[in-house]
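Summary of the model geometry
Chain by chain, the residues run as shown.
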Amino acid sequence: MLYSRFLSVSSLLLVTTCAMQITAVAGLKNSRTKIPASEPFATDVDIKMSRARRQDSSCKSDWSFYEGSCYIVIKTQQPVSWYQAQQTCYNIGGNLPTIATQQEDDFVIKMVCTHCSGHYQYYLGYHDKFNENTFVWLDGTSSSFTNWRQGEPNNIFAGEDCVEAIKQKSGKRNDQKWNDIACEVKYSKCFVCEDSRFCPYGWTSFQNKCYRLFHNKSRISWKAARNVCRAASADLVSIKSHNEQAFLDSFLNRRDWYYIGYSDEKQEGLWQWTDETQSDFTNWEEDEPNDANESGRNTTSEDCAAAHAGRKWNDVPCVGSYYKLFVCKM
């Protein structure tokens, strides 16, 4: 899960690379949402990530490609904390780097040594904020590779929950080791961001987005389904084109009705995607949305939407358990 989505950083960072300047305003609010205990929830939300590596070397300008990911070195005028560095990475489409091999560790420290004169450390997207001494990668990647310095992690002063890699003084070319640090202390003026553009394990890729069908054992409400998606750093699926609708139809194989992230709950008659993307595409059933329940009784409660593979969309109540299926998109 993207850790940056539940950081709250108020500082304005001026970050530069060798050929460009980026102004990043950090300040995303906590968007991680717990599933209410009173709601039934999907049974297969234990999401473990594995990298589906990028197949080509296409990276944005000023980013460097290595083994399926794109990397960029960020330099700041003043030292920034691990929190602030991660927020900056998220703002430009990445995370602090995930290091899965010694070769990747060597590649990143080489970037730092090349672009950050006299600066031989960088932050890693590794932390144990949730469970002391159980370190996890920000992007959820499962990897057994570690490169701790002797005696680390030591959690000195009971406050070192984040990680840096720091070059040793042995004189060897690639002798960097990892050290746990305080997440909020401003150690570094140079760090690396990684954009891996992966889909988590169990998700399906389509046009640079990731999709997953969840099938609950019992019926679930639209709001509870959305909470599951948001807990996975995703949202209920938005459908922006006939091509995307066709993909979902084949993906679901005409199974049943499923919730989608479309709602006019904020303003009656003004339908919007919950992921805040814009699109003129709609695919309503005839005479829908009609703001009426299945018995035909007039109501104002049908403020959310569902779709059916091979059919079209219908407005449904946002609360109340109607369907077992829903699709999340990230």
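The structure contained in this document is the topic of the report that follows. Because the structure is a prediction, the values reported are computed rather than measured.

Turning to the overall build of the protein chain, a few remarks are in order. Of regular secondary structure, the protein chain possesses four helices and 17 strands. Expressed as a percentage of its 330 residues, the buried residues of the protein chain come to 50%. Contacts in the protein chain between residues at least 24 apart in sequence constitute 72% of all its contacts with a sequence separation of at least 6. Counting only carbon and sulfur atoms, one obtains 46% of the accessible surface of the protein chain, whose full area is about 16400 Å².

Attention shifts here to the state of the cysteines. Tallied over the entire structure, the rule returns five disulfides. In this model, Cys89 is linked to Cys193 through a disulfide, with the two sulfur atoms separated by 2.0 Å. In this structure the cystine formed by Cys89 and Cys193 twists about its S-S bond by roughly -80 degrees; its chirality is therefore left-handed. Highlighted residues: Cys89 in helix H1 (residues 82-91) and Cys193 in strand E9 (residues 186-195), separated in sequence by 104 residues. Here Cys116 connects covalently by a disulfide to Cys190, the sulfurs 1.5 Å from one another.

Structurally, Glu152 is set in the loop between strand E6 (136-137) and strand E7 (162-166). Judged by its relative accessible area of 15%, Glu152 is buried. Remark: the alpha-carbon pair of Glu152 and Trp178, spanning 26 residues in sequence, is separated by 7.5 Å. Apart from the residues within four sequence positions on either side, Glu152 is in contact with Trp178, Asn179 and Asp180.

Turning our eyes to something else, we now look at the sheet that holds strand E8 (residues 177-181). Taken in spatial order, the four strands make up an open sheet running E6-E5-E7-E8, and their pairing is antiparallel. The open sheet has two edge strands with one neighbour each: E6 and E8. Bridge count between E7 and E8: five bridges; the pairing is antiparallel. Its bridge partner being in E8, Ala165 is matched across the sheet by Trp178. Lying on the sheet, H1 is in contact with strand E5 (121-127) and E7; it crosses E5 at an angle near 85 degrees.

Counting across every chain of the model gives six salt bridges. Between Lys223 and Glu265 there is a salt bridge, with the nearest N and O atoms lying 3.0 Å from each other. Of this pair, Lys223 sits in helix H3 (residues 222-231) while Glu265 sits in the loop between strand E13 (257-263) and strand E14 (272-273), placing them 42 residues apart in sequence. Given the relative accessible area of 33%, Lys223 is considered partly exposed.

Burial of E9 is extensive: seven of the 10 residues sit out of reach of the surface. Two strands pair when backbone bridges link them, and strand E4 (residues 69-81) and E9 are joined in this way by eight bridges, in the antiparallel orientation. Paired with Ile72 across the bridge in E9 is Cys193.

Moving on to the environment of Thr114. For Thr114, the location among the structural elements is in helix H2 (residues 102-115). Given the relative accessible area of 56%, Thr114 is considered exposed. Between the alpha carbons of Thr114 and Val73 there is a distance of 9.6 Å; along the sequence they are 41 residues apart.

The element H1 is extensively covered by neighbouring structure, given that eight of its 10 residues are classed as buried. Turning to H1, its buried residues number three or more, namely Trp82, Tyr83, Gln84, Ala85, Gln86, Gln87, Thr88 and Cys89.

A few words now on unusual backbone geometry. The step from Glu152 to Pro153 runs through a cis peptide bond, and the omega angle for that step is -5 degrees. Note that Pro153 resides in the loop between E6 and E7. The omega torsion of the bond from Glu288 to Pro289 falls at 0 degrees, within 30 degrees of zero and hence cis. Here Asn133, not a glycine, exhibits a phi torsion of approximately 70 degrees, which is positive. Within the fold, Asn133 resides in the loop between E5 and E6. For Asn133, a relative accessible area of 53% puts it in the exposed group.

Moving on: the packing of aromatic side chains. Overall, the coordinates contain 23 aromatic pairs when judged by the stated rule. Look at Tyr126 and Trp178: their rings are 5.7 Å apart centre to centre, the planes differ by 75 degrees, and that puts the pair in the edge-to-face class. In this pair, Tyr126 is assigned in strand E5 and Trp178 in strand E8, connecting sequence segments 52 residues apart. Here Tyr126 falls in the buried class, since its relative accessible area comes to 6%. Arranged with centres 5.9 Å apart and planes meeting at 80 degrees, the rings of Phe281 and Trp313 form a pair that is edge-to-face. A residue pair is termed long-range when its members are at least 10 positions apart, and Phe281 in the loop between E14 and strand E15 (304-308) and Trp313 in strand E16 (residues 313-316) qualify at 32 residues. In this structure, Phe281 and Trp313 share a single accessibility class: buried. Through a chain of ring-to-ring contacts, the aromatic side chains of Tyr126, Phe135, Trp137, Phe145, Trp148 and Trp178 assemble into a single cluster.

Quick notes on the rules
Residues numbered from 1 in each chain as written. Predicted model: local features only at pLDDT ≥ 70, side-chain atom pairs only at ≥ 80, totals over all residues. Heavy atoms only, no water. Helix = DSSP H or I, 4+ residues; strand = E, 2+ residues; numbered from the N terminus. Buried < 20%, exposed > 50% of the residue type's maximum accessible area, 1.4 Å probe, protein only. Contact = heavy atoms within 4.5 Å. Areas by Shrake-Rupley, 256 points an atom, 1.4 Å probe, with all protein chains shown as cover. Disulfide = S-S within 2.5 Å. Pairing = 2+ DSSP bridges. Axes fitted to C-alpha atoms, helices over the stretch in contact; angles between N-to-C directions. Salt bridge = Lys/Arg side-chain N within 4 Å of Asp/Glu carboxyl O. Phe/Tyr/Trp six-rings, centres within 6.5 Å; stacked < 30°, edge-to-face > 60°.

Bear in mind that shape data such as this cannot, by itself, settle questions of function.
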